[in-house]
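Residues per chain are reported as follows:
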Amino acid sequence: MNKILGHVDTPTRSEIHDLIVEFTWKLDHAEPAGFADLFEADGRFITGQGVIAGPARLQDFADTRTAMIRTSRSVLSNHRLVRLSDTLIEGTVLVTLYMHDGTTLGEPVAHSVSEYRDLYVRGGDEVWRFQERRSVPIFTRPA
C-alpha cells in the first residue's frame, strides 16, 4: 500500500518514537548493549566531532560514552515527522541535555540544546532504524 507523502500514521509514529527513546535511554542510563542495532548497517551518527558510521564504530561510540563517570538526562520534545516514501521518513527532535560529572545527585546544568535531524528507514524486516542521525547545536554552554 502506498502511503500518502508527508503523512505519518499513528502506528508508524509510535514505532519511531520507541526508536528515539531507546537511543536516548541507552546513552543516559549507561546501557549501550545493542546501540548499533538501532541503525541500518550503513547508518551514521553525525556530531560536532565528526561522522560515526558502521556498526562497530557506532557501538564503540556508545560503549565509550556510557563508560564515562557522568550522569546525563535528555529531554526530548517537538518531534516532527514527514513521510518521504513508504520506507523513508524525515524527522526533527528538540533535545535539551542535562549533564554533570559523577554518578551522585548533582546540579541540573543544561549542557546544550540541540536538534536531532533524522532519517528513519524501514528495512526488509519491517523494523524502523536510523539511516542518519545528525546532531545540530542550537545553544551550548561557553567552554
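Residues numbered from 1 in each chain as written. Predicted model: local features only at pLDDT ≥ 70, side-chain atom pairs only at ≥ 80, totals over all residues. Heavy atoms only, no water.

Some points on the overall build of the protein
Consideration 1: When helices and strands are tallied, the protein shows two helices and six strands.
Consideration 2: Written out in order from the N terminus, the α and β elements of the protein read α-β-β-α-β-β-β-β.
Consideration 3: Relative to the 2.2 N^0.38 estimate, which gives 15 Å for 143 residues, the radius of gyration of the protein is 16 Å and therefore close to what a compact globule would have.
Consideration 4: For the protein, the spread of C-alpha atoms along the principal axes amounts to about 50 × 30 × 25 Å.
Consideration 5: Each of the 143 residues in the protein was classed as buried or not, and the buried ones make up 39%.
Consideration 6: Expressed as a percentage of contacts within the protein between residues at least 6 apart in sequence, the contacts between residues at least 24 apart total 55%.
Consideration 7: Surface accessibility of the protein: about 8300 Å² in total, with carbon and sulfur atoms responsible for 56%.
Consideration 8: Side chains of the protein carry 16 positive and 20 negative charges; the gap between the two charge centres is 4 Å. (Helix = DSSP H or I, 4+ residues; strand = E, 2+ residues; numbered from the N terminus. Rg over C-alpha atoms; globule rule 2.2 N^0.38 Å. Buried < 20%, exposed > 50% of the residue type's maximum accessible area, 1.4 Å probe, protein only. Contact = heavy atoms within 4.5 Å. Areas by Shrake-Rupley, 256 points an atom, 1.4 Å probe, with all protein chains shown as cover. Lys, Arg positive; Asp, Glu negative; His and termini not counted. Charge placed at Lys NZ, Arg CZ, Asp CG, Glu CD.)

Things to note about the packing of helix α1 (residues 10-28) against helix α2 (residues 55-67)
In a pair of packed helices, the angle between the axes and the distance between the axes together describe the arrangement.
Consideration 1: Running from N to C, α1 and α2 cross one another at 45 degrees; their axes reach a closest spacing of 8 Å. What the angle tells us is that α1 and α2 run oblique. For the pair α1 and α2, contact is made by Lys26, Leu27 and Asp28 and by Phe61, Ala62, Arg65 and Thr66, respectively.
Consideration 2: Each residue belonging to the contact of α1 with α2 can be placed in one class, and the counts come to three nonpolar, one polar and three charged. (Axes fitted to C-alpha atoms, helices over the stretch in contact; angles between N-to-C directions. Parallel < 35°, antiparallel > 145°, perpendicular 65-115°, else oblique. Nonpolar A, V, L, I, M, F, W, Y, C, P; charged D, E, K, R; others polar.)

A closer look at the nonpolar core
Consideration 1: Phe23, Phe39, Tyr120 and Phe130 are the most contacted members of the largest nonpolar core, which has 22 residues in total.
Consideration 2: Going through the elements one at a time, α1, β1 (39-47), α2, β4 (88-101), β5 (110-122) and β6 (128-140) are the ones with two or more residues in this core.
Consideration 3: Per element, the largest residue contribution to this core is five residues, and it comes from α1. (Core = buried A, V, L, I, M, F, W, Y, C linked by side-chain atoms within 4.5 Å.)

Some thoughts on α2
Consideration 1: Here α2 is 13 residues long and its end C-alpha atoms lie 18 Å apart, about the 18 Å a rise of 1.5 Å per residue gives.
Consideration 2: Every buried residue belonging to α2 is among Leu58, Gln59, Ala62, Arg65 and Thr66, and all of these are buried. Relative to the axis of α2, the buried residues are bounded by an arc of 130 degrees and lie together on one face. Exposed and facing more than 90 degrees away from the buried side of α2 are Ala56, Arg57 and Ala67.
Consideration 3: Lining the buried residues of α2 we find α1, β1, β2 (50-53), β3 (70-83) and β4. (Expected span 1.5 Å × (residues − 1). Arc of directions from axis to C-beta.)

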